[in-house]
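Per-entry structural report
One letter stands for each residue in the lines below.
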Amino acid sequence: EMANQDFVMEEIRRIFADLDYWMDYRVLSAEEYGVPQRRRRLFIVAGRIPQEAFSWPTPSSRRYTVRDAIADLPEIPDGHLVEEVRRPSPERSSSYVQEMRKGLRGHAALVVWDHVTRAHRDDDRIAFSIMKPGDRYTDLPAELRRYRDDIFTDKYHRMLWDEPAWTVTAHLAKDGYKYIHPGQSRTISVREAARLQSFPDRFRFAGARTHRFAQIGNAVPPKLAEALGRQLRAALQAS
C-alpha cells in the first residue's frame, strides 16, 4: 500500500513539475499538533516560491486526552435538544479547555452551545451502561447484541478518558455508536465532537444535528490546520 501511495505521489510530483511547481507531501498526525484525537491525514504542499523556504510544522510535546477535551462539559442525557446549556464553573479546567474557551465574554462565557445528543433505544442505554471504557461490541452479553458480531465488531465502542480519541469521522452523521461517552450512557454530543476536533467553543454549526456531525467529522482539525498554515505563511513571507 505504501509503495502504491509513493507511486501515486511521484506521479503527482511529475505533473506539478511540468507546471514549474515543486511538490512535497507528508502524513501528519493530529495528536502531535495539540488535537486530542488520533487522526492521520496526507497533506500535499506545492509552490513556486523557493522550496527551502517551506518546512513542515514541528510536532508539539504536549498530548491531550478525551478527559482534557470534554470532562468540563455539563452532564446531559441522550436526546438532549437544548442548544444553549448553562456551564457550571469547573474547579479546574485543563489548558486545552482554557484554549477552547478563550475569547468568550459576558453571557457566552457562562454557557455551552451545540451540546445536543441523539436519543437512544432502551436496549442501547442498557448496553452503554454496562460497558467499561474501551469496551467494544463483542464485549457485550449476547442478549444485547442486535447486530452480527462477526461483522460489526466495532459497532459499539466506549471511549477512553485518558487516551486521545480515535478518529472522528463523518459517519457520526449516521450514528455515534463508535463514540460512546466514557462516563455517561450515551453517544457524544455535537459540542463534544467539536472539542475532539479542536473547534473552539465560539464556533457554531449550521443545520440539522446530522449535518453538524458531518461538518465536524469531515473537517481538518483547526489546530492542525493552524500549525500547517503558520508554516505556509512563514514560507510566503520569507520568499
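A brief structural summary. (Residues numbered from 1 in each chain as written. Predicted model: local features only at pLDDT ≥ 70, side-chain atom pairs only at ≥ 80, totals over all residues. Heavy atoms only, no water.)

1. Concerning the side chain of Arg-191
Among the structural elements, Arg-191 can be located in helix H5 (residues 190-197). Sequence-distant contacts of Arg-191, that is, excluding residues within four places in its chain, are made with Leu-73, Val-112, Trp-113, Asp-114, His-115, Phe-199, Pro-200, Asp-201, Phe-203 and Phe-205. (Helix = DSSP H or I, 4+ residues; strand = E, 2+ residues; numbered from the N terminus. Contact = heavy atoms within 4.5 Å.)

2. Considering the packing of aromatic side chains
Applying the stated rule across the entire model yields 10 aromatic pairs. Ring geometry for Tyr-156 against Tyr-177: centres 4.9 Å apart, planes inclined by 45°, an arrangement best described as tilted. Taken as a pair, Tyr-156 in the loop between helix H4 (122-130) and H5 and Tyr-177 in the loop between H4 and H5 lie far apart in primary sequence, 21 residues in all. Accessibility expressed as a relative area gives 1% for Tyr-156, which makes it buried. (Phe/Tyr/Trp six-rings, centres within 6.5 Å; stacked < 30°, edge-to-face > 60°. Buried < 20%, exposed > 50% of the residue type's maximum accessible area, 1.4 Å probe, protein only.)

3. Brief notes about the nonpolar core
Formed by 26 residues in total, the largest nonpolar core has its most connected members in Met-159 and Leu-196. Only helix H2 (66-70), helix H3 (95-101), H5 and helix H6 (209-218) provide two or more residues apiece to this core. For this core, the leading source of residues is H5, giving four residues. If we ignore the near neighbours within four places in the chain, the residues touching Met-159 are Val-66, Pro-133, Gly-134, Ala-165, Trp-166, Tyr-179, Ile-180, Pro-182, Ile-188 and Leu-196. Within the second largest apolar cluster, 13 residues are counted, among which are Val-35, Phe-54, Leu-224 and Leu-228. (Core = buried A, V, L, I, M, F, W, Y, C linked by side-chain atoms within 4.5 Å.)

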